Amino acid sequence: MRLSEEQVDYIREAIEKSGITLDSLKEDLLDHLCCVVEYEMAKGLSFDEAYTKSLEQVCPNGLDEIQRETLFLLNFTKIIRMKKLMYAIGLLASISVSIGWLMTLLHLPGGHNLFNYGFLALVLLFVPMLAFDRYKVNISQVLSERLKLILGFASAFLTGLGVVFKLLHLMGANVIFAVGVLLFAFGFLPFLFFRMYKSSVQ
C-alpha cells in the first residue's frame with residue numbers, strides 16, 4: 001500500500017521537528033519510516049496505528065536517538081583510539097608512580113623523578129581526559145549528577161596539581177592544594193551524598 005502525499009508530509013514534518021540535524025539522515029529515515037508504515041498498513045492497520053508501531057520498531061527512544069547512534073558509529077574508530085590513548089597514559093603513569101615510589105623507598109637513584117613525572121602525567125593528562133570522557137557519557141544526566149562529576153574531577157585535578165607543586169617546591173602549592181581539598185569537601189561531597197540520598201529514596 002502506497003502512502004499519500006499528506007501522509008508522507010506528516011512523517012517528514014515529524015522528522016523535521018525532531019532533534020535530527022543531518023539532512024542525509026533525515027532523507028534516509030523518511031524512506032525507511034515510509035516503508036515500515038506501508039508494510040504495517042498492508043496488514044490492515046490504520047495510518048496512525050502503523051506510524052506509531054513503526055516508531056516503536058525503528059526508534060523506541062525517540063527520533064534523535066537515530067542521530068546519536070549514527071554519529072557514534074561514524075566516530076567509533078576515533079573514540080576507540082582516544083580511549084586507548086587515555087588508558088595507555090593512565091597505565092604508564094600509574095606504573096611510573098608505583099615503581100618510582102618503590103625505588104624511592106629502596107633509596108635507588110631516579111626513583112624520585114620517576115614518581116614525580118608519573119604523578120604529573122596522571123594529574124595533567126589522564127585526569128582531564130577521563131573527566132572529559134565521563135562528562136560526555138553523563139551529559140544527558142540530571143544537573144546534580146553532572147555537577148558532582150565536574151566538581152569531583154576539578155577537586156582531584158587541583159589537589160593533584162597542589163601535590164605536584166609541593167613535590168617540585170613551586171610557589172602557590174599550599175593555596176592550590178587547599179582549594180582542591182575545599183572543593184572536594186564542600187563541592188563534590190555534598191553532591192555525592194545528595195545523589196546517594198536521592199537514589200535510596202526512589
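Model, not experiment: these values are computed from the prediction.

## A short note on the packing of aromatic side chains
Part 1 of the argument: Taken as a whole and judged by the stated rule, the model has six aromatic pairs.
Part 2 of the argument: Pairing Y10 with F47 gives two aromatic rings, centres 5.8 Å apart and planes at 75 degrees, and the pair type is edge-to-face. Of this pair, Y10 sits in helix α1 (residues 5–17) while F47 sits in helix α3 (residues 47–58); the two residues are 37 residues apart in sequence, bridging distant segments of the chain.
Part 3 of the argument: Taking relative accessible area as the criterion, Y10 reaches 43% and is therefore assigned partly exposed.
Part 4 of the argument: When the ring of F47 is compared with that of Y51, the centres are 6.1 Å apart and the planes differ by 15 degrees; the resulting orientation is stacked. You can see F47 and its partner Y51 sitting in helix α3, four residues apart, about one turn around the helix.
Part 5 of the argument: According to the relative accessible area criterion, F47 is buried, its value standing at 12%.
Part 6 of the argument: Three or more aromatic residues joined by ring pairs form one cluster here, namely Y10, F47 and Y51.

## A few points about the environment of E6
Part 1 of the argument: Position of E6 among the secondary structure elements: in helix α1.
Part 2 of the argument: For E6, a relative accessible area of 59% gives the class exposed.
Part 3 of the argument: Sequence spacing of E6 and L151 is 145 residues, and the spatial spacing of their C-alpha atoms is 51 Å.

Cut-off values and rules
Residues numbered from 1 in each chain as written. Predicted model: local features only at pLDDT ≥ 70, side-chain atom pairs only at ≥ 80, totals over all residues. Heavy atoms only, no water. Phe/Tyr/Trp six-rings, centres within 6.5 Å; stacked < 30°, edge-to-face > 60°. Helix = DSSP H or I, 4+ residues; strand = E, 2+ residues; numbered from the N terminus. Buried < 20%, exposed > 50% of the residue type's maximum accessible area, 1.4 Å probe, protein only.

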